[in-house]
Amino acid sequence: MYTALRLQQRLKRELRSAREGRGGVQVVVLGPDPYMTYQPFLPEAAAGSISPRHVVVPLRRVLPHCRVVTGEATSIDHARRVATVETLATEHAGTGPIEVPYDELVLAPGSVSRTLPVPGLADHGIGFKTVEEAIGLRNHVLEQLDIASSTRDPDVRAAALTFVFVGGGYAGVEALAELEDMARHACRYYHNIRPADQKWILVEATDRILPEVGEAMGRYAVRELRRRNIDVRLETRLDSCENRVAHLSDGSRHPCRTLVWTAGVKPHPVLAETDLPLDERGRLRCTATLRVDGVEHAWAAGDAASVPDLAAGGASGAGGPGGEPGRECAPNAQHAVRQARLLADNLVASLRGEELKAYRHAYAGSVASLGLHKGVAQVYGRKLRGYPAWFLHRAYHLSRVPTVNRKTRILAEWTLAGLFKREIVSLGSLEHPRAEFELAAGTGRHPEGP
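The rules behind the values
Residues numbered from 1 in each chain as written. Predicted model: local features only at pLDDT ≥ 70, side-chain atom pairs only at ≥ 80, totals over all residues. Heavy atoms only, no water. Phe/Tyr/Trp six-rings, centres within 6.5 Å; stacked < 30°, edge-to-face > 60°. Helix = DSSP H or I, 4+ residues; strand = E, 2+ residues; numbered from the N terminus. Buried < 20%, exposed > 50% of the residue type's maximum accessible area, 1.4 Å probe, protein only. Pairing = 2+ DSSP bridges. Axes fitted to C-alpha atoms, helices over the stretch in contact; angles between N-to-C directions. Salt bridge = Lys/Arg side-chain N within 4 Å of Asp/Glu carboxyl O. Expected span 1.5 Å × (residues − 1). Arc of directions from axis to C-beta. Contact = heavy atoms within 4.5 Å.

**Regarding the packing of aromatic side chains**
Alright, step 1. Under the definition given, this model contains five aromatic pairs.
Alright, step 2. When the centroid spacing of 5.7 Å and the interplanar angle of 85° are considered together, the rings of Phe41 and Trp414 count as edge-to-face. Highlighted residues: Phe41 in the loop between strand S2 (35–37) and helix H3 (42–47) and Trp414 in helix H13 (residues 404–419), separated in sequence by 373 residues.
Alright, step 3. A relative accessible area of 0% means that Phe41 is categorised as buried.
Alright, step 4. Their ring planes at 45° and their centres at 5.3 Å tell us that Tyr387 and Trp390 sit as a pair that is tilted. Residue Tyr387 and its partner Trp390 are located together in helix H12 (residues 387–400), separated by three residues, close to a single helical turn.
Alright, step 5. One aromatic cluster is present, formed by Tyr38, Phe41 and Trp414 through successive ring pairs.

Printed below as a string of structure tokens:
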């Protein structure tokens, strides 16, 4: 989206000519959803601090001069410059995928959740990478409080109030911290549930969490979470979760109805269905100009691209002047957004026969939220924690979320959240909106009847 947005600005004349039928340039944006998700705000959307529709950016609104196609590329034959695409129309018409020709290819499909062959994970695990998963998890957590409140079975109650999160990176820690905050607040509205009745467990295979904010801030985050009675288990793995029981590598056993998997990501599978060069991790090999290495007319950025980090260290080598040999840019939003804009500029320069620029960005640092008014940050060598870090987290991401429209809506919601209490309504029926009608149609029962 960021690349298309930049192309839309840089190629105004050419896009206008194409619309008027006088030749020119057409920018086609293909994606499985008609919106872009601003993922750093997913934990706040799950906790109810932000409306879910405000963490997504509608592509057709921000890209009025581009052609937006909702669909998915199943394979790419760059030798022929053709992408094989399945759209909603081809699915419903039963005509099979179509071939879409192109002149220049920009591959930025991001990443998908990396799962492991853990018994029971596919049946009971919950992901946390999309806005649908975030809202589904919020509804699920509140539903567990309803179950625990209305049962007399101690085993069912204990399992409903046990929440296991696997993965100590940004997604896992922020999601757990925000949802624990929300659930603790919700307990005041249940006559028979206290915050101490809940059991929140964070499972991390390494010896630290939030490695991006540094070792010292990572240790502080562990202390802060444990102070809130969150069970942080380092150097521990999930061995099994069959029958809704989490078996950990330390020998412990935890019956639970909520298991959230955030243990890493992997490149999008479509990369394996191309004839483009990949590195050992399955990402596209790219030069510092964001071109796919050794391939003309192909570009990449973000999680899918292996881009030399020219700003790392001071040695010269594979990374180019000023870069450490073999050092690559981290797959995070800080690099991805900047790469996308430079990619668009270089693509335009290539079309016009101008010189391309190399991507170089010194890592500014990282911020992470640990719930309402709590956070950790390491920015330009300075370490912050507590309220200042939380405020910096919000300020930074508000500045980065696309469009003034979204910035204004999110700021308004934060302001209102400071004046009123959290909403604790579970709308689990959103996941099955026709269930009530199907029941009524199948049995003749009136929805309002007894």
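Having seen the model, we can carry on.
**Side note on the sheet that holds strand S21 (residues 365–369)**
Alright, step 1. With antiparallel pairing, three strands are arranged side by side in an open sheet as S21-S22-S23. On the outer flanks of this sheet lie S21 and strand S23 (382–385), each paired with one strand and no other. Taken pair by pair, the neighbouring strands of this sheet meet at an average axis angle of 10°, ignoring direction.
Alright, step 2. One ladder, built from four bridges, connects strand S22 (residues 375–379) with S23; its direction is antiparallel. Bridge pairing in S23 places Ala377 opposite Leu384.

**A few points about the pattern of salt bridges**
Alright, step 1. What the rule picks out here adds up to 21 salt bridges.
Alright, step 2. The salt bridge partner of Asp279 is Arg283, with a shortest N-O separation of 3.9 Å. Comparing Asp279 with Arg283 shows no difference in burial state: the two are buried.

**Description of H12**
Alright, step 1. Taking 1.5 Å per residue as the helical rise, H12 with its 14 residues ought to reach 20 Å, and the 20 Å between its terminal C-alpha atoms agrees with that figure.
Alright, step 2. Within H12, burial applies to Ala389, Trp390, His393, Arg394, His397 and Leu398. Here the buried residues of H12 occupy an arc of 165° about the axis, which is enough to place them on one side.
Alright, step 3. Elements in contact with the buried residues of H12: H3, helix H9 (170–186), S21, S22, S23 and H13.

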